[in-house]
Structures are given as C-alpha cells and as structure tokens.
Protein chains: 2
Amino acid sequence: MQNKVGIAPVGGENLLFLTDDQLRRGIEAMFFAYRAFTADPDLILADMDYGRAHHRALHFIHRDPGLTVTALLDVLGVTKQSLNRVLRALIEDGLVESRVGHRDRRERQLFLTEKGGALERRLSETQRARMRSAYRAAGPQAVSGFRQVLEAMMDRDTLRQFKSLKDLPDPS
Amino acid sequence: MQNKVGIAPVGGENLLFLTDDQLRRGIEAMFFAYRAFTADPDLILADMDYGRAHHRALHFIHRDPGLTVTALLDVLGVTKQSLNRVLRALIEDGLVESRVGHRDRRERQLFLTEKGGALERRLSETQRARMRSAYRAAGPQAVSGFRQVLEAMMDRDTLRQFKSLKDLPDPS
DNA sequence: CTTATTACGTCAGACTTGTTGACTTTCCAA
DNA sequence: TTGGAAAGTCAACAAGTCTGACGTAATAAG
C-alpha cells in the first residue's frame, strides 16, 4: 500500500518527491496555508454579521458584474437555498443590487453597490496583501510552480470553471 | 489603491506577477484547488456519520500517535468543546483509543485502533493520489515552488507548527 | 498539607453554512 | 395557451464552529 522506497515505479525523472511522506507534507501545507489564507477576511467578517459565504459571493459578483444567480450558484458549488439566504442579507443591507435580466427577465443580474464594493475591496485587500507578500518572498519561479500544482489538483470541471473566469474588465 | 501598472514599485526583478489581477487569480486558484483537494475524502465521509473534522483528527493522530488532547487542540486550532464531540464519536466507534498518560495522568494520549488506521489510510490515499498526480503533472521544480509559496503564506505561529511536525517514525 | 493550576470532559445555547424537499411565482418559447 | 425553466420561499435538519459555566482528577506550588 505505502510506497516506502521513495522512487516512483515508472518515469525516468528524479521522482523522490513522490514518497508518501512528501505527499503528506504537501497535504498538511495545504491545510495550514488555507487556514492562514482565510484568516484575515474572517477577522473582518466576524465583526459584522457576515461569514465566509458572504465574502465569496461578493468576490465573484465583483469579478463578473451582472452575472446571474445561476452562474454564481455554479461557480460557488452550493445549493440555491444556501446562496439565497446569503444573497438576501447582502441585498437587504444594500451591498448587492439584484436587477431583472434585460435579455431574459426571469433571470436576476447581480451587481455590487458602492457600499458592497467598498467591503469587497477591504476584504480582498487583506488577502491580496498576504498573497503579494508570499509571492514576493518566494519569487517568480516559485509562483509559477505554485500555480501549476494548484491547477493540476483541480478536476476537469473545476479547472474549466477556473480557466473560463474572465479577466477584470475594469479594475476599479 | 489598485496597482494598474503591473510593476512593483521596488525590487529589481521582474515582478509582473504582482499585479492585482495576478494576485486575484492566485486567490481563486487557492479557492478552487482547496475545494478539489477535500472533495475525495468528503465523498467517503459522507457515507458514514463523519465529516471533515473527523478526518483531520484521524490524520494528526495517525502522524503523531500518543499525542495529547491539548496538542491535538493546538494543531487543529479549534476549541476543546468542538473537538470533544468529534473525539467522543471516534472513540465510541472504536476508531480511536484514549489512554491515560503515563507521565502525567491527567493527560489523555490518543491512538488509532486498527479500524481507525484503516479508515485513515482509505481517506488519505485518495488525497495522496490526487496530490501525487498533481505533483507528477507539474514536475519537481513546480512542486518546490508550490511548497515555498504555501509556507510563505502561513503566519509565524502556523509556520512554526508546520515545521515542528515530526516525520513519520514508522510509515505503517 | 493545603491551595492553585492544569488537563480533560461535559452541558447548555447559539450561529453559520450547508443539505433536502416541497411549493409558488415569473416568464420565455414552442 | 400551455409547458417548462429560472428564481425565490418556507420548513426542517445536520455538521461544525463558538462562548460560558461547571465538575473532576492530578500535578505543582506555597
């Protein structure tokens, strides 16, 4: 079951890093890094009545203004009932605006209000700062590897979703 | 606020990758990759009455058999009330054994039973398989960068915790 | 020896985030 | 005009987290 040898059975390269122990270290690094990664926004959100779910909604509405509820549902991978509660709170508090779709009027298109944009910036800036610092410390080559491994970890559908995310049209 | 230029103000290197847009892509990659990363164990756990919290407990008991409840609390970063519920279920179901500490009899030392070890292996093997495949696809240099960036993202205490984790004495 | 502290366990109550299932409303399209 | 898709709503529940309070046992400190 376990690979005690530390050399992959096939493949000509030096694959010492594929020992179970090295893989376990990678798994643990993901666990610890993700916790650190979410720590800063969580601190801000804890003061308000919001949680991580609200942050995620704000993030994806910011990066693709006017997206429909279904599209948001898709990218977040939760049920509409779950998202609805979050969205309702954000709309009631005036952070998100829900407009009737102009092509298909059944659809709702979501936009951040000025207030919503302000909170999104405040949240994402802490996360960007951490990421920027990590990128700077590790260097360009490491960043490239970081991105390569993360993408290779995604399943087909997730990767497709990730790749299809458009660039920000207007970095406000 | 936003860095539209795309070149870091200081630093002689090519720091194009530090634009806000590149940082946002990194943030999203973390989000999607972490979701994929936990998907396989979650599927297995869903069948039983267990969740991600049980998996984490099994993982750290496996990697450091005999650790005390306080030590586990520390590494997981949750409250004892939260952990207690998880631990009680695992002990009642015969996956974890809690022995009175031989040095300090107030302490409880935690061990996996054979049954617990079997589940831990089943869970971690799916995660290792994904990580192995990602590592193989990305190559050794990318793996090195991946690890560097993840470590650079951790805060001091988390990094200290991560570094202090011992290697597995007996990869059973 | 008495007292304080530590480690652990437990009970109660709350919140966030997720789930299913059932139902209504709206509205496009055949 | 009617069927079906998109969206929203309500109810009930579960996992996992939290805080606060309390009890017990064992060690450490005085």
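Refer to the structure presented above.
What you see is a predicted model, and the numbers here were worked out from it, not measured in a lab. (Residues numbered from 1 in each chain as written. Chains lettered and ligands numbered in written order. Predicted model: local features only at pLDDT ≥ 70, side-chain atom pairs only at ≥ 80, totals over all residues. Heavy atoms only, no water.)

S.K.: Go over the packing of helix α3 (residues 69-76) of chain B against helix α4 (residues 80-92) of chain B with me, naming the residues and quoting the values.
M.R.: Residues and elements named next belong to chain B. Two elements in contact, α3 and α4, have axes whose closest approach is 10 Å; the angle formed by their N-to-C orientations is 110 degrees. For the element pair α3 / α4, the angle class is roughly perpendicular. The interaxial crossing formed by α3 with α4 has right-handed handedness. Two secondary-structure elements touch here, α3 through V69, L72, L73 and L76 and α4 through K80, L83 and L87. The residue inventory of the contact of α3 with α4, partitioned by class, reads six nonpolar, no polar and one charged. (Axes fitted to C-alpha atoms, helices over the stretch in contact; angles between N-to-C directions. Helix = DSSP H or I, 4+ residues; strand = E, 2+ residues; numbered from the N terminus. Parallel < 35°, antiparallel > 145°, perpendicular 65-115°, else oblique. Left-handed = near helix turned anticlockwise from the far one by under 90°. Contact = heavy atoms within 4.5 Å. Nonpolar A, V, L, I, M, F, W, Y, C, P; charged D, E, K, R; others polar.)

S.K.: Describe the protein's contact with DNA strand C, naming the residues involved and giving the relevant values.
M.R.: Taken together, 24 residues surround DNA strand C, and among them A:G51, A:R56, A:R85, B:T70 and B:K80 come closest. Within 4 Å of the protein, atoms of DNA strand C come from sugar and phosphate in 59% of cases. A:R85 places a polar side-chain atom, nitrogen or oxygen, 2.5 Å from a base nitrogen of DNA strand C. One nitrogen or oxygen atom from the main chain of B:V69 is found 3.3 Å from a phosphate oxygen belonging to DNA strand C. (Near = heavy atom within 4 Å. Polar contact = N/O pair within 3.5 Å; in protein donor to acceptor, adjacent residues only side chain to side chain.)

S.K.: How would you summarise the relation of the copies chain A and chain B if you had to cite specific residues and measurements?
M.R.: If you rotate chain A by 180 degrees and push it 0.0 Å along the axis, it lands on chain B with an RMSD of 0.0 Å. Each copy turns onto its partner about a two-fold axis. Relative to the rotation axis, the C-alpha of A:F146 is the closest in chain A, positioned 1.8 Å from it. Interface overlap between copies is the fraction of interface residues in one copy that are interface residues in the other; for chain A against chain B it reaches 100%, indicating a shared surface. (Least-squares fit on C-alpha atoms with pLDDT ≥ 70 in both.)

S.K.: Give me the lowdown on the protein's contact with DNA strand D, citing residues and values where you can.
M.R.: The environment of DNA strand D is made up of 24 residues, and the closest members are A:T70, A:R108, B:G51, B:R56 and B:R85. Each atom of DNA strand D within 4 Å of the protein was assigned to sugar, phosphate or base; sugar and phosphate come to 56%. The contact in question runs from a phosphate oxygen of DNA strand D to an N or O atom on the side chain of B:R56, over 2.5 Å. B:S82 is positioned with one of its side-chain polar atoms (N or O) 3.4 Å from a phosphate oxygen of DNA strand D. Grouping the amino acids of the surface near DNA strand D by side-chain chemistry returns three nonpolar, ten polar and eleven charged.

S.K.: Talk me through the interface of chain A and chain B; I want residue IDs and the actual numbers.
M.R.: Contact residues are listed per partner, giving 68 residues for chain A and 68 residues for chain B. When the two sides are added together, the surface that chain A and chain B hide from each other amounts to roughly 7,000 Å², 68% of it contributed by carbon and sulfur. Among the residues chain A hides against chain B, the three largest losses belong to A:R25, A:F32 and A:M153. Together they make up 10% of the total. Taken together, chain A and chain B are joined by eight salt bridges. Seen at the junction of chain A and chain B, the total is 18 residue pairs in polar contact (both at pLDDT 80 or more). (Buried area = accessible area lost by both parts, 1.4 Å probe. Salt bridge = Lys/Arg side-chain N within 4 Å of Asp/Glu carboxyl O.)

S.K.: An account of helix α1 (residues 20-47) of chain B is needed here, citing residue identities and associated values.
M.R.: The end-to-end C-alpha distance of α1(B) is 41 Å, a good match for the 40 Å that 28 residues give at a rise of 1.5 Å each. At B:A39, α1(B) is deflected by roughly 40 degrees, the largest bend along its length, and proline B:P41 occurs up to four residues later in sequence. (Expected span 1.5 Å × (residues − 1). Bend = angle between axes of the 7 residues up to and from the residue.)

S.K.: Which residues make up the sheet that holds strand β1 (residues 67-68) of chain A, and what values do they have?
M.R.: All names here are of chain A. The three strands lie next to each other as β1-β3-β2, forming an open sheet whose pairing is antiparallel. Looking at strand neighbours, the two that pair on one side only are β1 and β2 (96-100), the edges of this open sheet. Summarising the sheet, β1 and strand β3 (residues 108-112) pair through two bridges and their orientation is antiparallel. If you follow L67 over to β3, its bridge partner there is L110. Against the sheet, helix α2 (residues 52-63) engages β1, β2 and β3, with an angle of about 95 degrees to β3. (Pairing = 2+ DSSP bridges.)

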